[in-house]
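# Architecture and fold: a report
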Amino acid sequence: MEYRRLGASGLKVSEIALGNWVTHGGQVGDDAADACVRAALDAGVTLFDTADVYERGKAEEVLGRVLAGERRSSYVLATKVFGTMGDAPTDRGLSRKHILESCHASLRRLQTDYIDVYQAHRYDEDTPLVETLRAFDDLVRQGKVHYVGISEWSPAQIADALRIADDLGLDRIVSSQPQYSLIWRVPEAEVIPLCRREGIGQIVWSPLAMGVLTGKYLPGRPRPEGSRAAYGSGVSDDYLRDEVLTAVQEVRRLAEAAGMTTAQLAIAWVLRNDNVSAAIVGATRPEQVDDNVAASGRKLDDDLVRAVETALARVAVLEQPTE
C-alpha cells in the first residue's frame, strides 16, 4: 500500500480507502463486513469512509464495532452529515443544530472520541454557508473533528466556502469527495483544477463506476447474482447500457493483456491524477478488497492509458449533464 497527503494538509491516507455505502448493514451481513474490513487492515488500508445516512446509521455502527479493537491513531475515519436521519424537519441539512447533533450521534455509533475527516455530504441551499462553516469550525476547535471536507459541491460552492473561511479565520476544507472514474470524468473540468490550486485533495467515490468497471456486467446478459445491480441499489441505468458494457469489455481485454484485472486498471487510472488522495472501493468479499488494493502503486504506461480512454470515449461523461 502507498500513502498520500490529503490535499495540502499533513494527514497521510492510504491510496485505497474502504467505503461501506450499500454494503454494511445492507447488502452484506456482519460476518462479511467484518471480513472485508479485516482484509483492508491487513492490506495496509488506513482510510475508512462512511456516512450517517448509509442504512440510517447501521453502516456506521458496523464500522465502529469492527474497528473498536484497533489502535485509534492507526486509521483515519471519515464520515458525512447532511442526509435525512429522521422525520423532523431538523433531521437533515447543514444547519448548526443538525451538524452538532449528527456529529455526536456518529461518534456514538462509531465508538470513537473524534472523527478524522467530517464531510458535508451535499450542499445545503436552505442554510447560510457561514452557519455551516462555523459549526464545522467549532467541532474542530472542540477536538471532535480533525479535518473538514465536502462531497459533490460545485466549484462555485467550494470557492465561496474557501473565501468565507479565509475572511473569518475558520477551518478550511481539505478534502472533496466527487464521483470520478474512467466513465464519469466530470470533476476534471473545474473541480479538480480549483482544488489543486487551493490545496484540497480528492477522496473519490465509485472509481469502478458502481462496479461496472470490474467487467462483471456483460451486454445482453442477466446481472450476476450477488452483484450491486442485482441487489437493486447504487448502479445507474446509464452505466448498464449495452453500449457502455461493450466498451468496458474492450477495457477488460486491455487490462488482461497488461497483466491486471479490469478493476485494478480502472483504479490505477484514477490514481494517476495527482489531485486524488484516495480512491474509495466497496466490497462484499475479502477477495474483492485484495484485488482492489493491488492497484496501489501500479504505474500505467501512456500507450495503455490512451487505448483505454479511446475505448471509452463514446460513453465517458466529461461535463456535468444539464437537467
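This report concerns the structure included in the present document. These figures come from a predicted structure and were not determined experimentally. As a convention, each chain's residues are numbered from 1 in the sequence order in which they are written. Local features in this predicted model are restricted to residues whose pLDDT is 70 or higher, and side-chain atom pairs enter the listing and the counts only when it is 80 or higher, whereas totals over whole chains, interfaces and linings include all residues. Each side-chain value is derived from all of the structure's non-hydrogen atoms; neither hydrogens nor water enter the calculation.

### Things to note about the overall build of the protein chain
Spelled out, the test is: Helix and strand assignments come from DSSP, with helices taken as H or I runs of at least 4 residues and strands as E runs of at least 2, each series counted from the N terminus. We compute the radius of gyration from the C-alpha atoms alone; for a globule the expected value is 2.2 Å times N to the 0.38, where N is the number of residues. Per-residue accessibility, obtained with a 1.4 Å probe over protein chains only, is compared with the maximum for each type, and a residue is labelled buried under 20%, exposed over 50%, and partly exposed between these values. Contact criterion: two residues are considered in contact whenever any of their non-hydrogen atoms come within 4.5 Å of each other. All accessibility values rest on the Shrake-Rupley procedure with a 1.4 Å probe; residue burial counts only the protein chains present in the view. None of His or the chain ends enter the tally, which takes Lys and Arg as positive and Asp and Glu as negative. A single reference atom marks each charge: NZ on Lys, CZ on Arg, CG on Asp, CD on Glu.
Counting its regular elements, the protein chain contains eleven helices and ten strands. Expected size for 323 residues packed as a compact globule is a radius of gyration near 20 Å; at 19 Å, the protein chain falls within 12% of this value. Counting only C-alpha atoms and orienting by the principal axes, one finds that the protein chain spans roughly 50 × 40 × 35 Å. Residues counted as buried form 55% of the 323 residues belonging to the protein chain. Taking the intrachain contacts of the protein chain between residues at least 6 apart in sequence as the baseline, contacts between residues at least 24 apart amount to 78%. Surface exposure of the protein chain reaches about 13800 Å², of which carbon and sulfur atoms provide 46%. Distance between charge centroids for the protein chain: 2 Å, based on 37 positive and 48 negative side chains.

### Observations concerning the nonpolar core
To keep things clear, this is the line we draw: We define a nonpolar core as any set of buried Ala, Val, Leu, Ile, Met, Phe, Trp, Tyr and Cys residues linked to one another through side-chain atoms lying within 4.5 Å.
One finds Phe48, Val212, Leu213 and Leu312 to be the most contacted residues of the largest nonpolar core, which totals 76 residues. The dominant element in this core, judged by the number of residues it contributes, is helix H9 (residues 262-271), at eight residues. In this structure valine 212 touches Ile183, Tyr217, Val235, Tyr239, Leu240, Val244, Leu245 and Val248, once residues within four positions along its chain are discounted. One finds Ile99, Trp153, Ala165 and Cys195 within the second-largest nonpolar core, a separate group that totals 29 residues.

### Description of the sheet that holds strand E8 (residues 173-176)
Our working definition: Two strands qualify as a pair provided that DSSP identifies no fewer than 2 bridges between them. Structural elements are reduced to axes, namely lines fitted to C-alpha atoms, with helices fitted over the stretch in contact, and the angle between N-to-C directions of any two is expressed from 0 to 180 degrees.
If you walk around this closed barrel you meet the eight strands as E3-E4-E5-E6-E7-E8-E9-E10, and the pairing is parallel. Between one strand and the next, the sheet's axes are offset by a mean angle of 30°, whatever the strand orientation. Here three bridges tie strand E3 (residues 16-19) to strand E10 (residues 276-281), and the two strands are oriented parallel to one another. Looking at the pairing, leucine 18 lines up with valine 281 of E10. Of the strands in this sheet, strand E5 (76-81), strand E6 (115-120) and strand E7 (145-150) touch helix H4 (residues 129-141), which is tilted by about 155° from E7.

### Some points on the packing of helix H3 (residues 96-110) against H4
When two helices pack together, you describe them by how their axes are tilted relative to each other and by the distance separating the axes. For clarity, the threshold we go by: For classification, angles of less than 35 degrees are called roughly parallel, those exceeding 145 degrees roughly antiparallel, those between 65 and 115 degrees roughly perpendicular, and all remaining angles oblique. Should the near helix be turned anticlockwise from the far one by less than a right angle, the crossing is termed left-handed; should it be turned clockwise, right-handed.
Closest axis-to-axis distance for the H3/H4 pair is 9 Å, and the angle between their directions is 30°. Here H3 is positioned roughly parallel relative to H4, judged by the angle of their axes. Classified by chirality, the crossing of H4 by H3 is right-handed. Contact residues: Arg96, Ile99, Leu100 and Cys103 in H3; Glu131, Thr132, Arg134, Ala135, Phe136, Asp138 and Leu139 in H4.

Scope: geometric values only; no functional claims are made or implied.
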